[in-house]
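Working through the structure, step by step
One letter stands for each residue in the lines below.
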Amino acid sequence: MNRLEVSDLKVWDSRTGSVIIPGSSFQLKQGSCLALVGESGSGKSLTCRSIMRLNQPGLRQSGDIVLDGVNLTGLSEKEMRKHRGKRLCLIMQNGMRAFDPSCAIGVYLQETLRRHFGWGRDETTARMKTAMESVMLKDPIGVMNRYPHQLSGGMLQRVMIALAIVLEPDVVIADEPTTALDTISQFEVVEQFQRLRETMGCSMIFVSHDLGVVKRIADEVLVMKNGEIVERGTTRDILSDARHAYTRSLVASKLALHQYFKKMTGGVGLADR
Ligand SMILES: Nc1ncnc2c1ncn2[C@@H]1O[C@H](COP(=O)(O)OP(=O)(O)OP(=O)(O)O)[C@@H](O)[C@H]1O
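Residues numbered from 1 in each chain as written. Predicted model: local features only at pLDDT ≥ 70, side-chain atom pairs only at ≥ 80, totals over all residues.

- As annotated in an unreviewed UniProt entry, the protein chain is Nickel import ATP-binding protein NikD from Paenibacillus flagellatus.
- The UniProt entry for the protein chain carries the following comment under Subcellular location (unreviewed entry): "Cell membrane". (UniProt positions renumbered as here; feature names shortened; annotations may be inferred.)

Next up, the structure:
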């Protein structure tokens, strides 16, 4: 069963008329993880933001985005806001940008959870404390009392994952959530995403340029180039038997990087992580 169906998604810049995504169609199955891969500027982030209907002013979109039978394209902004967070949750590249820099993390969490569930401060604190502990965030109360700039990128990503655990969304969209992190944090954050899927059974769109991460987390892969989907298939097929020359070059560059790291680390490569 499909949880999310994107049909003929087109995105263009209304100021210049240039078309960035000419027309993408794809489906996300219930409980499945779909990876979006492709070089920088291929349209992965725009695809994610279009699903959330959070594109920047000046960009326009058309096409259908159907979540559990409801076409999000036809919803008013007020109705759309009810879907964001609770039903569709976006976890961004840079945790720092996701939070309001002028208020403590706990205030942001209270506001978000009050809006979706009507919870008060005590309920929010108790639920977030449990979720933060489950993603290995130490001193959750201390974290909630801090401002975003006082936390590391890895900690902010974990706060976002903890919030997703509490919100229990139907679909999590993670847009390169490990890019801003060091290697150890990347590894741990990917583990947390895997746990998120296992414990909540949510469906996930996971954007990454790291095929090692994709191999670990995704069931299916879409490969994008210049705004178009050039190849799609199961993760196993894409990584072992890519048909499109562009996908083969992506896999080959990943293998080259793997060999390089293996040489540098005396035997332990990226894919072994
Ligand atoms: N607000 C905007 N106005 C005009 N063009 C934009 C805007 N945002 C993105 N684009 C263009 O859309 C294209 C796709 O950008 P997008 O951010 O989706 O790429 P991406 O595949 O996510 O790349 P990366 O891996 O670097 O994040 C790029 O050519 C970019 O310049």
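Comments concerning the site of the ligand
- Around the ligand, 14 residues are found, and the nearest of them are S40, K44, S45, L46 and Q56.
- With 3 residues, helix 1 (residues 44-52) is the largest single contributor of residues to the shell around the ligand.
- Counted by class, the shell around the ligand contains 3 nonpolar, 9 polar and 2 charged residues. (Near = placed C-beta within 6 Å. Helix = DSSP H or I, 4+ residues; strand = E, 2+ residues; numbered from the N terminus. Nonpolar A, V, L, I, M, F, W, Y, C, P; charged D, E, K, R; others polar.)

Some words on the sheet that holds strand 8 (residues 203-207)
- An order of 6-7-8-3-9-10 is seen for the 6 strands of this open sheet, with the pairing classed as mixed. The strands lining the two open edges of the sheet, one partner per strand, are strand 6 (88-91) and strand 10 (228-234). This sheet shows a mean twist of 15° between the axes of neighbouring strands, independent of strand direction.
- In this structure, strand 3 (residues 33-38) lies alongside strand 8, joined through 4 bridges in parallel fashion. (Pairing = 2+ DSSP bridges. Axes fitted to C-alpha atoms, helices over the stretch in contact; angles between N-to-C directions.)

Structural notes on the pairing of strand 7 (residues 171-175)
- For strand 7, the tally of buried residues reaches 5 of 5 residues, placing the bulk of the element in the interior.
- Every second residue of strand 7 is oriented toward a common face, with V171, I173 and D175 on one face and V172 and A174 on the other, all of them buried.
- Note: strand 6 against strand 7, 4 bridges, orientation parallel. Within strand 7, the position partnered with I91 by the bridge is A174.
- Bridge count for strand 7 against strand 8 is 5 bridges, and the pairing is parallel. Across the sheet, residue D175 finds its bridge partner in strand 8, namely V207. (Buried ≥ 20, exposed ≤ 12 C-beta atoms within 10 Å, placed from the backbone.)

Section: the confidence of the model for the protein chain
- Residues at a pLDDT of 70 or more form 92% of the protein chain, whose mean pLDDT is 88.
- Low pLDDT (under 50) marks residues 269-273, which in the prediction has 12 contacts with non-local residues, meaning those over four places away or in another chain. (pLDDT = per-residue confidence, 0-100. Contact = placed C-beta atoms within 7 Å.)

Brief notes about the nonpolar core
- Ranked by internal contacts, the top residues of the largest apolar core, which has 70 residues, are V159, A162, A164, V172 and I173.
- Top element by residues in this core is helix 7 (residues 153-167). It accounts for 10 residues.
- Those residues in contact with A164, other than ones at most four positions away along the chain, are C89, I91, P169, V172 and L196. (Core = buried A, V, L, I, M, F, W, Y, C linked by C-beta atoms within 7 Å.)

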